[in-house]
Amino acid sequence: IMLTIVGRKQEIAGFAVGRIFDLGDNNFTAELTNIGVRLSEQNQGLGTHLLKSFLDECRARCVSNVVLEVRASNVIATRFYGKFAFTPAGRRRGFYSDPFEDALTMKLHLID
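Just so it is clear, the structure is predicted and the values come from calculations on it, not from any experiment.

Novice: How should I be thinking about the overall build of the chain in this particular structure?
Specialist: Counting its regular elements, the chain contains two helices and six strands. Mapped from its N terminus to its C terminus, the chain presents α and β elements in the order β-β-β-α-β-α-β-β. Its C-alpha atoms give the chain a radius of gyration of 15 Å, near enough to 13 Å, the size a compact globule of 112 residues would have. In the chain, of all internal contacts separated by at least 6 residues, the share reaching a separation of at least 24 is 52%.

Right under this line is the structure:
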């Protein structure tokens with residue numbers, strides 16, 4: 001899944017990218033691999049729009065769960081995902097480099 005949003009200057013202002021895994025028996029899980037908004041376009045609701053659109057697309061494709069990783073120090077992102085009912089699911093030690101840091105994994109249950 002790849003979504004983009006165009007800003008005021010007719011340039012890409014943000015994007016969301018993910019992939020869907022077929023775990024068998026009509027059990028699909030999506031991984032949100034990246035979401036970003038151009039710095040000049042931030043704080044205008046574009047990230048919220050992108051995440052809502054990504055989740056809507058997941059629902060349309062009968063995805064049961066959405067997972068993601070976020071830097072352990074990224075409190076803003078963790079709170080953002082929490083507003084969408086993502087919950088902590090685990091920790092990946094040393095997942096990120098430059099700088100070296102753990103990742104928090106988060107999960108959202110969409111449908112049964």
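Novice: Explain the nonpolar core to me, please; I cannot follow it from the model alone.
Specialist: Within soluble globular proteins, side chains that are nonpolar generally end up buried alongside one another. Counting 26 residues, the largest nonpolar core has Phe54, Val66, Tyr81 and Phe86 as its most contacted members. Elements represented by at least two residues in this core include exactly β1 (2-6), β2 (12-22), β3 (28-37), α1 (46-60), β4 (63-71), α2 (75-82) and β6 (101-109). Looking at which element gives the most residues to this core, the answer is α1, with six residues. Those residues in contact with phenylalanine 54, other than ones at most four positions away along the chain, are Ile1, Leu3, Ala16, Val17, Gly18, Glu31, Leu32 and Val66.

Novice: Help me understand unusual backbone geometry in this model?
Specialist: Only a minority of non-glycine residues have a phi that is not negative, and only a minority of peptide bonds are not trans. A cis amide bond links aspartate 98 to the next residue, proline 99, at an omega of 0 degrees. Topologically, proline 99 is positioned in the loop between β5 (87-96) and β6. Phi angles above zero are rare outside glycine, and asparagine 43 is one such case at about 65 degrees. Inspection of the secondary structure puts asparagine 43 in the loop between β3 and α1. Within the chain, aspartate 98 stands out as a residue other than glycine whose phi angle is a positive 55 degrees. Of note, aspartate 98 is situated in the loop between β5 and β6. Of the residues examined, aspartate 98 reaches a relative accessible area of 74% and is grouped as exposed.

Novice: How should I be thinking about the side chain of threonine 29 in this particular structure?
Specialist: Looking at where threonine 29 falls in the secondary structure, it is placed in strand β3. Those residues in contact with threonine 29 that sit more than four places away from it in its chain are Arg19, Ile20, Phe21, Leu23, Val63, Asn65 and Val67.

Novice: Help me understand the packing of aromatic side chains in this model?
Specialist: Each aromatic ring pair is described using two quantities: the centre-to-centre distance and the angle formed by the ring planes. Going through the model one piece at a time under the given rule, you end up with four aromatic pairs. Taking 5.3 Å as the distance between ring centres and 65 degrees as the angle between the ring planes, the aromatic pair formed by phenylalanine 80 and phenylalanine 84 counts as edge-to-face. Among the residues examined, phenylalanine 84 registers a relative accessible area of 16% and is labelled buried. Following the ring pairs from residue to residue traces out a cluster consisting of Phe80, Tyr81, Phe84 and Phe86.

Calculation notes
- Residues numbered from 1 in each chain as written.
- Predicted model: local features only at pLDDT ≥ 70, side-chain atom pairs only at ≥ 80, totals over all residues.
- Heavy atoms only, no water.
- Helix = DSSP H or I, 4+ residues; strand = E, 2+ residues; numbered from the N terminus.
- Rg over C-alpha atoms; globule rule 2.2 N^0.38 Å.
- Contact = heavy atoms within 4.5 Å.
- Core = buried A, V, L, I, M, F, W, Y, C linked by side-chain atoms within 4.5 Å.
- Buried < 20%, exposed > 50% of the residue type's maximum accessible area, 1.4 Å probe, protein only.
- Phe/Tyr/Trp six-rings, centres within 6.5 Å; stacked < 30°, edge-to-face > 60°.

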